[in-house]
Amino acid sequence: MQESLTIGQLSERSGVAASALRYYERLGLIRAERTGGNQRRYARIELRRVAFIRISQQVGISLDEIREALDSLPASRTPTPEDWARLSRVWRDRLDERIRLLSKLRDDLDGCIGCGCLSLRRCALYNPGDTLAGEGPGARLVLPS
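Procedures and definitions
- Residues numbered from 1 in each chain as written.
- Predicted model: local features only at pLDDT ≥ 70, side-chain atom pairs only at ≥ 80, totals over all residues.
- Heavy atoms only, no water.
- Pairing = 2+ DSSP bridges.
- Helix = DSSP H or I, 4+ residues; strand = E, 2+ residues; numbered from the N terminus.
- Buried < 20%, exposed > 50% of the residue type's maximum accessible area, 1.4 Å probe, protein only.
- Polar contact = N/O pair within 3.5 Å; in protein donor to acceptor, adjacent residues only side chain to side chain.
- Arc of directions from axis to C-beta.
- Salt bridge = Lys/Arg side-chain N within 4 Å of Asp/Glu carboxyl O.

**Student:** Even after reading the chapter, I still don't get the pairing of strand β3 (residues 40-43), so can you show me in this structure?
**Tutor:** Pairing of strand β1 (residues 4-5) with β3, which is carried by two bridges, proceeds in the antiparallel orientation. Bridge pairing links Leu5 to Tyr42 in β3. Strand direction decides the pairing type here: strand β2 (residues 33-34) and β3, joined by two bridges, are antiparallel. Among the inter-strand pairings, Glu33 is bridged to a residue of β3, identified as Arg41. Connecting β2 to the next strand, β3, in antiparallel fashion are five residues, including Asn38 with a positive phi near 65°.

Structural data, given as structure tokens:
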């Protein structure tokens, strides 16, 4: 194995608590080798994976989606820029949709809270008699159908 990091070193370098790193490992998001004394040792490439996990979580991507993406990367070698670009292309549409939804939420929430009308007659999100229930669960006026 190339120069490796202890869990404390990986934690310090990545800014992620050791308990979270153990959790990521348990979920299969990162990998560690074990020493003869059963101590974890992480390859330096795991720093990139942890950074990817952190930023993905920050934009609201689930750990299951993150694991699926990381599983598409080669396990036997350090991912190349082409590997990361391929992963990026797969996520582009998903991220664009998430941006669209966040923008809609921001704009609608601002209008809803900011208008101060407190009137169900004028509310753009009002659903009298729960008529939207027939279209399915969730926020039907905000989420895509």
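**Student:** Is there a simple way to think about the sheet that holds β2 in this case?
**Tutor:** Two strands in a sheet stick together by hydrogen bonds in their backbones, pointing the same way (parallel) or opposite ways (antiparallel). Judged by pairing direction, the sheet is antiparallel, and its three strands sit side by side in the order β1-β3-β2 without closing on themselves. In this open sheet, the two strands that pair with only one neighbour each are β1 and β2.

**Student:** Sorry, what's going on with the side chain of Glu46 here?
**Tutor:** Of note, Glu46 is situated in helix α3 (residues 45-58). For Glu46, a relative accessible area of 5% corresponds to the buried category. At 3.2 Å, the side chain of Glu46 and the backbone nitrogen of Arg31 are in polar contact.

**Student:** Whenever I open this one, helix α4 (residues 63-71) confuses me. Can you help?
**Tutor:** Along an α-helix, residues three or four apart share an orientation, since each turn contains 3.6 residues. Among the residues making up α4, those that are buried are Leu63, Glu65, Ile66, Ala69 and Leu70. The arc enclosing the buried residues of α4, seen along the axis, measures out at 155°, which places them on a common side. Exposed and oriented more than 90 degrees from the buried face of α4 are Asp64, Glu68 and Asp71.

**Student:** How should the pattern of salt bridges be read in this particular structure?
**Tutor:** Between side chains of opposite charge, pairing is possible as soon as their charged atoms come close. Applying the stated rule across the entire model yields seven salt bridges. For Arg44, the salt bridge goes to Glu3, with nearest N and O atoms at 3.0 Å. Placement of the pair is Arg44 in the loop between β3 and α3 and Glu3 in the segment before β1, with a sequence separation of 41 residues. A salt bridge links Glu25 to Arg40; the nearest nitrogen and oxygen atoms lie 2.7 Å apart.

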